[in-house]
Amino acid sequence: MTDHICVALDEGGAITRGALMRRTAIGAGALVGAGVAIWGLPELSVSAEPSASQDAKILNFALTVERLQAAFYAEAARRAKLSGDLAQYVQVVGGHEREHAAFIEKALGSKAAKAPTFDFGDSTSNADIVARTARSLEDLTVSAYNGQGPNLTPATLAAAGKIVSVEARHAAWIRDILGILPAPEASDKAVTAAQATAAVQRTGFIK
Amino acid sequence: MTELRFEDLDVDGAFGEAVAELHGTSRAQLLRGAVVGSGALLGLLSLPSIAAAQTPSTDQAIMNYALLLEELQSAFYTDVDRNKVLTGALKEQATTVATHERAHVTALRKALGSKAIKRPHFDFGSAVEGPTAFRRTAVAFEDLAVEAYKGQAPKVKSRAVLASLLAIHSVEARHAAWIRRLAGKLPAASAFDDPRSAKSTLKLVADTKFVMTTKSTGSSPRFTG
C-alpha cells in the first residue's frame, strides 16, 4: 500500500528498482574512466565554486534529511512492533541520526533552518514497511551526500565525510536485514540536490 | 635482529613509489640511508625527512595512494576466493567485494594511465586460509579503507576526481558494515567515522607484513583486527 513511498525515494535518481535485487550489478558501462575522471561522473548539482554560503545551503539540506531520518526512526520505534535485528537497527541508527542532526545544527548555528513537521503516514506502521522505507531513505541519503561532497569547501567536506560513511553503513546494514546485497555496485551513485529534494517531496513526509 | 634495507622489502618498488609520491620526495631519496628493522616500513616512515615532508599534495599522489590500498584489498579477496575456504554468506561477501575492489583498481589505473604505480605483490599467509582469520582481517581492512579515503577527500583539488573517490569511499563503508555484521559486530559502531592520515594508514599496512618481501623475518601477519 505504501510502497509508492519507496518508489518515490528511489526515483530520486540513481537507485533503481533493479538494484534491489540480490545481484552484483557491475555492467560494462559502470566504469568509464575517461580523462581525469575515474568513471562516468554524476553532474555537479551546484555549479558555483565551493563557498561558505553554499556550504550553509548544503548543510541545511543535509540537516533536513537527518531530521527526517531521526523522526522516522523515532516514530518507527514507538509505533511498529519491532523485534530482533530490525529493532536493534532502528534503535542504533535512530540514535546516530539524532547525533548527525545535532552536529549539523551546531555547525550551522544561527543559519540552521527551522525543523519541519513530518508525517510518515503508514510507513512506520509495521516492520516490513519500516525496513523497506529505511532502505530507500539510507540509500538516498548516501547518494545525496555523495552528490554534494564536491560542492563543499574542504573543511565542511571533512565534517560531512564523517557522516556519509556512517549513512552507507546504515544502508548496507538494512539491506542485509532485508536479504538484499549490502553493496550492490562497485561505486555509489550520486544524485543532485534537486533530485534528492524532489524524491523527498514526493513521499509527502515533510508537511 | 637482522637489518633489512627498504629495497629488500619493497622488491617491486610499488610501496616506495606510493610513499615517495605521498610525501613529495623521490624513491631514490627514500632509499638513501633508509635502513629498517623488523618493523618493516615503520622505520622508514618515521624517518625525520619523511615526517617533515608534506602529506599527499597532488591528486595524482592521492589516487596512487588509493590505488595501493585497492590493490591490497583486491589481492586479499581474490586470494581467499581462489583458496575456496569460505562458504555461505561469507563466500558471497568475499566474491562480491572482490569484484568491487578489482573494479576500483581498474578504474584508478585507467585514470592514472602511465602515472600509476606498479602492481605490488602480496602474501596474506594465514589470513586467506580460513574463515576466522579472513573475517577479522577483512573487518580491519574495510574500516581502514573508509578512514583512509576520508583522510584524503578534503585535499583533492579536482572536483571530478573527488566525486569519483567519494563514490568509492561509501562503497568501502558498505563493505565494512557488511563484513562487520558477518563477524557479529555492530555494522555502524558510532555516529561518526573518523579520518586517518596517509602516514598512519601506511604504517598499519606496512605492519601487516602482507607486502611481499624477499627476505622473510619469520613472523606471520599480525594485522588481523
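Whatever comes next refers back to the structure up there.
Residues numbered from 1 in each chain as written. Chains lettered and ligands numbered in written order. Predicted model: local features only at pLDDT ≥ 70, side-chain atom pairs only at ≥ 80, totals over all residues. Heavy atoms only, no water.

Caption draft 1: Seen up close, the overall build of chain A. The helix and strand inventory of chain A stands at six helices and zero strands. If you list the helices and strands of chain A from N to C, you get α-α-α-α-α-α. Scored against the burial criterion, the 207 residues of chain A give a buried share of 54%. Counting only contacts in chain A whose residues sit at least 6 apart along the sequence, the fraction spanning at least 24 positions is 85%. Surface exposure of chain A reaches about 8,300 Å², of which carbon and sulfur atoms provide 57%. (Helix = DSSP H or I, 4+ residues; strand = E, 2+ residues; numbered from the N terminus. Buried < 20%, exposed > 50% of the residue type's maximum accessible area, 1.4 Å probe, protein only. Contact = heavy atoms within 4.5 Å. Areas by Shrake-Rupley, 256 points an atom, 1.4 Å probe, with all protein chains shown as cover.)

Caption draft 2: Inspection of empty space enclosed by the protein at higher detail. Residue and element names in this part refer to chain A. Using the criterion set out here, one finds eight cavities of 30 Å³ or more in the structure. What lines the second largest cavity is simply I58, L59, F61, A62, V65, A144, Y145, Q148, L152 and A160. Elements represented by at least two residues in the lining of the second largest cavity include exactly helix 2 (52–79) and helix 4 (127–148). Top contributing element to the lining of the second largest cavity by residue count: helix 2, with five residues. Counted by class, the lining of the second largest cavity contains nine nonpolar, one polar and no charged residues. (1 Å grid on protein atoms, 1.4 Å probe; cavity = no way out; pocket = protein on both sides within 12 Å on 5 of 7 lines; lining within 4 Å. Points joined across faces, edges and corners; volume = space filled by probe spheres on them. Nonpolar A, V, L, I, M, F, W, Y, C, P; charged D, E, K, R; others polar.)

Caption draft 3: Summary view of the pattern of salt bridges. What the rule picks out here adds up to 19 salt bridges over all chains. B:R181 serves as the salt-bridge partner of A:D176, at 2.7 Å between the closest nitrogen and oxygen. Of the two residues, A:D176 sits in helix 5 (residues 154–178) while B:R181 sits in helix 9 (residues 159–182), which places them in two different chains. Residue A:D176 is classed as buried on the basis of its relative accessible area of 17%. For B:E71, the salt bridge identified is with B:R119, shortest N-O distance 3.1 Å. (Salt bridge = Lys/Arg side-chain N within 4 Å of Asp/Glu carboxyl O.)

Caption draft 4: Local environment of the interface of chain A and chain B. Facing the 57 residues of chain A at the interface are 47 residues of chain B. Summed over both sides, the interface of chain A with chain B buries roughly 4,300 Å², with 63% coming from carbon and sulfur. Inspection of the chain A/chain B interface yields eight salt bridges. The shortest N-O distance in the salt bridge between B:R174 and A:D139 comes to 2.7 Å. (Buried area = accessible area lost by both parts, 1.4 Å probe.)

Caption draft 5: Layout of helix 6 (residues 59–83) of chain B. Residue and element names in this part refer to chain B. Taking 1.5 Å of rise per residue, 25 residues should cover 36 Å, and helix 6 covers 36 Å from first to last C-alpha, within 8% of that figure. Extensive coverage of helix 6 is indicated by the burial of 20 of its 25 residues. K84 lies just past helix 6 and shows a positive phi near 50°. (Expected span 1.5 Å × (residues − 1).)

Caption draft 6: Local environment of the packing of helix 6 of chain B against helix 7 (residues 88–112) of chain B. All names here are of chain B. Relative orientation of the contacting elements helix 6 and helix 7 amounts to 150°, with a least axis distance of 8 Å. Taken together, the axes of helix 6 and helix 7 are roughly antiparallel relative to one another. The handedness of the crossing between helix 6 and helix 7 is left-handed. Classifying every residue of the contact of helix 6 with helix 7 gives 12 nonpolar, eight polar and seven charged. (Axes fitted to C-alpha atoms, helices over the stretch in contact; angles between N-to-C directions. Parallel < 35°, antiparallel > 145°, perpendicular 65-115°, else oblique. Left-handed = near helix turned anticlockwise from the far one by under 90°.)

Caption draft 7: Expanded view of the nonpolar core. Core analysis: the largest hydrophobic core is formed by 66 residues, its most contacted members being A:I104, B:F76, B:Y77, B:F124 and B:F134. Among the elements of the structure, helix 2, helix 3 (84–108) and helix 5 of chain A together with helix 6, helix 7, helix 8 (131–152), helix 9 and helix 10 (198–208) of chain B are those that each provide at least two residues to this core. A per-element tally of this core places helix 6 of chain B first, with 12 residues. Those residues in contact with B:F76 that lie beyond four places of it in its chain are B:F124, B:A127, B:V128, B:F134, B:T137, B:A138 and B:F141. With 31 residues, the next largest nonpolar core counts A:F72, A:L86, A:F120 and A:A131 among its residues. (Core = buried A, V, L, I, M, F, W, Y, C linked by side-chain atoms within 4.5 Å.)

Caption draft 8: Molecular detail of the environment of B:K118. On the secondary structure map, B:K118 appears in the loop between helix 7 and helix 8. Take B:K118: its relative accessible area is 49%, and that puts it in the partly exposed class.

Caption draft 9: The packing of aromatic side chains, seen in detail. For the structure shown, the criterion picks out 16 aromatic pairs over all chains. Between B:F76 and B:F141 the ring centres are 5.2 Å apart and the planes differ by 80°, which places this aromatic pair in the edge-to-face class. Remark: B:F141 occurs in helix 8 and B:F76 occurs in helix 6; sequence separation between them is 65 residues. Each member of the pair, B:F76 as well as B:F141, is classed as buried. Cluster of aromatic residues (ring-pair linked, three or more members): A:F72, A:Y73, A:Y89, A:F118, A:F120, A:W173 and A:F205. (Phe/Tyr/Trp six-rings, centres within 6.5 Å; stacked < 30°, edge-to-face > 60°.)

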